[in-house]
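Summary of structural features
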Amino acid sequence: MKLRNFLSAVALAATVWGAAAQSPKYIFYYIGDGMGMGPVMAAETYNRTILKNDKPLLMMQFPVTGWCATYSASSDITDSAAAGTALSTGTKTKNSMLGMAPDTSAVYSVAVDLSKMGYGVGVATSVAPDDATPGAFYAHVPNRSMYYEIGTQMAESGYQFLAGAGLRGLKTKDGKDTDLLTRFAAENVQIVRGPEGIKEINSDRVLLLNPEGTKEWNIGYTIDSIAGVLTLPDIAKACLNQLERTSPDRFFMMIEGGNIDHALHANDGGAAIKEILNFNEALAVAFNFYEQHPDETLIVVTADHDTGGMAMIKPTGAKGGLANIDYQKVSKEQFSEYCKSLLHTRMVYKWQDMRDYLEENLGFFTHIKISDEQEARLEKLFNDTFELRNSADQETLYANFNAFAVEVFQMFNDATGLAFTTTSHSGNPVPVFAVGVGAEKFKAYNNNIGIPTAILRTVEGK
């Protein structure tokens, strides 16, 4: 990424830090869901060694770097609801609880506080806008799966911009329509869909969603190159444009890279790295604004928790390393959906057909050398899965994968040099990066509840 006058901007920021404390008018809070230190370093290594960029990822160029503990009130291993609540409200709570203290009393986010101070507010994500992390900035429910209740509170939030994949509270459990869309209409929220819908925004309050007929839980992985869907940089630009139009004097933006977490739950290292690079592009939207307003802007980047316990290791058999990611054209999730479609079709599909697919979409047999033993194992699993229909699923938080898909991506990760310890969250610390007014408050060790508190202290000039 080409950064304009980065050194002079940092120098100016340093001058500001040395002056009297002042309040930032523009606050950008970027949260990479699941983005622990391992995934960040893997993405930076890919950026340096494969993309040949002479500068680190943008967040790693920020002058303030720290790290953060993520434990919740009920577990050393947090979930996104408790972590999102900590990052938004400064309160530790139990896993699954959203915007509530452990005793179920409501706690309020930094976005609510800033809105009361006259700041415009945007809350956006690459997953569902009623998911845990975005929901923590406006909702108060005892369980993160209460999508209808979260959706109604989203409508009532008063925020100028909300965005994500889709609403999951539109139907009851028995398939009947709820009144959720009516509630958004009653709050004068304009609902627009997809990249084309961004051009139609003309209201003071807007909800941007992915096109109809797409997934509700995420906008699609960067690595899958799905035509016609939103991207996180698109969403960040739309959010900034809306806030500059409706609240030009002061605003707060929370942008979540939720798909990072989905990819890491799937133990899909290549997709996760591409999502972090996409998150980096979305961050550039904020940084470009910061360059124009360096003495009025604060940017904070962190993660709610680490997912997958991912680490870089020596590739097995020196089979290409991170360069293999350039041959990956499909996420593990999309590959699994392709496999499931084969299981529901009557067409004849043989091992050679799958072999050709793996060559074209993952670089197997050409760029990634597969031994005779490995191929025999894959062929046996293929037959067990698609002919004998005898295959156990790997269950993760967001998707289930049959044994064949699991083995394919295990081989890919081994050859790429990416290892995972879990398909769930870990207790590993996460990074914190900051630049701008008050950025020095985020250096060294952080506890996640301290981050929103520090943001408010900066606004108050303390």
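Heads up: these notes are all about the structure in this document. (Residues numbered from 1 in each chain as written. Predicted model: local features only at pLDDT ≥ 70, side-chain atom pairs only at ≥ 80, totals over all residues. Heavy atoms only, no water.)

What about the overall build of the chain?
As a reminder, the rule being used: Strands are runs of DSSP state E lasting at least 2 residues, helices are runs of H or I lasting at least 4, and numbering of each runs from the N terminus. The globule rule is 2.2 Å times the number of residues to the power 0.38, and the radius of gyration it is compared with is taken over C-alpha atoms. Pairs of residues are marked as contacts when any of their non-hydrogen atoms sit within 4.5 Å. Using the Shrake-Rupley algorithm and a 1.4 Å probe, accessible areas are obtained, with residue cover drawn only from the displayed protein chains.
Counting secondary structure elements, the chain contains 16 helices and 16 strands. Taking 462 residues into account, the globule formula puts the C-alpha radius of gyration at 23 Å, and the chain, at 22 Å, falls close to it. When its C-alpha atoms are laid out on the principal axes, the chain stretches across 70 × 55 × 45 Å. The long-range fraction of contacts in the chain, counting pairs at least 24 apart against all pairs at least 6 apart in sequence, stands at 75%. When the accessible area of the chain is evaluated, it comes to approximately 18,000 Å², of which 50% is carbon and sulfur surface.

Focus: the pairing of strand β7 (residues 251-257)
This is how the line gets drawn: Relative accessibility thresholds used throughout: buried, under 20% of the residue-type maximum; exposed, over 50%; partly exposed, between the two (1.4 Å probe, protein chains only).
Of all the 7 residues making up β7, 7 are buried; the element is thus mostly covered by neighbouring parts of the structure. Residue alternation in β7 divides its side chains into two sets, Phe251, Met253, Ile255 and Gly257 and Phe252, Met254 and Glu256, and both sets are buried.

Side note on the packing of aromatic side chains
Under the convention used in this document: Working definition: a ring pair exists when centres of Phe, Tyr or Trp rings (six-membered ring for Trp) sit within 6.5 Å. Plane angles under 30 degrees give stacked, over 60 give edge-to-face, the rest tilted.
The final tally for this structure, using the stated rule, is 24 aromatic pairs. Here Phe62 and Phe287 contribute two aromatic rings whose centre-to-centre distance is 6.0 Å and whose plane-to-plane angle is 25 degrees, an arrangement assigned as stacked. On the criterion of sequence distance, the pair formed by Phe62 in the loop between α2 (37-49) and β2 (64-69) and Phe287 in helix α11 (residues 269-292) is long-range, its members being 225 residues apart. Just as Phe62 is buried, Phe287 falls in that class too. Seen in terms of ring centroids, Tyr338 and Tyr349 are 6.2 Å apart; in terms of plane orientation they differ by 75 degrees. Their pairing is edge-to-face.

Section: the pattern of salt bridges
Short version of the rule: The rule for a salt bridge is simple: a side-chain nitrogen of Lys or Arg has to be within 4 Å of a carboxyl oxygen of Asp or Glu.
By the definition in use, this model includes 15 salt bridges. Between Glu156 and Arg183 there is a salt bridge; the shortest N-O distance is 3.8 Å. Of the two residues, Glu156 sits in helix α6 (residues 147-156) while Arg183 sits in helix α7 (residues 180-186), which places them 27 residues apart along the sequence. A residue is classified by how much of its surface remains accessible, and Glu156, at 45% relative accessible area, is partly exposed. Taking the shortest distance from any N to any O, the salt bridge between Arg377 and Glu407 comes out at 2.9 Å. Here Glu407 lies in helix α15 (residues 403-416) and Arg377 lies in helix α14 (residues 372-387), a separation of 30 residues in the sequence. Assessed through its relative accessible area of 35%, Arg377 is described here as partly exposed. Judged by its relative accessible area of 17%, Glu407 is buried. By sharing partners, the salt bridges in this structure join Asp79, Asp130, Asp131, Arg144 and Arg168 into a single network.

A look at a negative patch on the surface
In plain terms, the rule: Here a patch means residues that are over 30% exposed by relative accessible area and free of salt bridges, tied together within 9 Å if like-charged and within 5 Å if nonpolar (Val, Leu, Ile, Met, Phe, Trp, Tyr). His is not counted, nor are the chain ends, whereas Lys and Arg count as positive and Asp and Glu as negative. Positions of charges follow a simple convention, taking NZ of Lys, CZ of Arg, CG of Asp or CD of Glu.
Taken together, the side chains of Asp353, Asp356, Glu359 and Glu360 present a region of like negative charge at the surface. Tracing the backbone through its elements, the reader meets Glu360 in helix α13 (residues 351-362). Residue Glu360 is classed as exposed on the basis of its relative accessible area of 53%.

As for the side chain of Asp224
Selection criterion: Within 3.5 Å is the distance limit for a polar contact, defined as a pair of N or O atoms, with the added protein rule that one can donate a hydrogen and the other accept it, and that residues adjacent in sequence qualify only through two side-chain atoms.
Mapped onto the fold, Asp224 is located in the loop between β6 (206-209) and α9 (232-246). Lys215 is the oppositely charged side chain nearest to the buried, salt-bridge-free Asp224, at an N-O distance of 5.8 Å. Of note is the side chain of Asp224, whose polar atom sits 2.7 Å from the backbone nitrogen of Ser331. Excluding residues within four positions of it along the chain, Asp224 makes contact with Lys329, Val330, Ser331 and Gln334.

Comments concerning the environment of Tyr159
Along the chain, the position of Tyr159 falls in the loop between α6 and β4 (161-164). By relative accessible area, which is 2% here, Tyr159 ends up buried. Each residue touching Tyr159, except ones within four places of it in the same chain, is listed here: Ser109, Ala111, Val112, Val121, Val123, Phe137, Tyr138 and Arg205.

Remarks on a nonpolar patch on the surface
Taken together, the side chains of Met37, Trp67, Tyr71 and Tyr445 present a nonpolar region at the surface, about 400 Å² in accessible area. Take Trp67: it is sitting in strand β2. For Trp67, a relative accessible area of 39% gives the class partly exposed.

Notes on helix α12 (residues 332-343)
For clarity, the cut-off: What a helix should span is 1.5 Å times the count of its residues minus one.
With 12 residues, α12 should cover 16 Å at 1.5 Å per step; its first-to-last C-alpha distance of 17 Å lies within 8% of that length. Taken as a whole, α12 has its buried residues at Lys332, Glu333, Phe335, Ser336, Cys339 and Leu342.

A short note on the sheet that holds β2
For clarity, the cut-off: For two strands to pair, DSSP has to find at least two bridges joining them. In this analysis an axis means a line fitted to C-alpha atoms, helices contributing only their contacting stretch, and an angle means the value between N-to-C directions, from 0 to 180 degrees.
The strand order across the open sheet formed by 10 strands is β5-β6-β4-β3-β7-β1-β8-β15-β2-β16, and the pairing between neighbours is mixed. With one partner strand each, in any of the chains shown, β5 (190-193) and β16 (444-447) form the two edges of the open sheet. Direction aside, neighbouring strands of the sheet carry axes that sit 15 degrees apart on average. With 6 bridges joining them, strand β1 (residues 26-32) and strand β8 (residues 297-302) adopt parallel strand pairing. In the strand pairing of β8, Ile27 is matched with Leu298. This element, helix α10 (residues 258-265), spans β1, β3 (120-125) and β7 of the sheet and lies at about 20 degrees to β7.

Observations concerning helix α16 (residues 450-459)
Burial within α16 is extensive, with 7 of its 10 residues counted as buried. Looking at α16, one finds that the buried residues are Ile451, Pro452, Ala454, Ile455, Leu456, Thr458 and Val459.

Topic: unusual backbone geometry
Non-glycine residue Thr104 carries a positive phi angle of around 75 degrees. Here Thr104 is to be found in the loop between α3 (80-89) and α4 (110-116). Phi at Asn188 is positive, roughly 60 degrees, even though this residue is not glycine. Residue position: Asn188 is located in the loop between α7 and β5.

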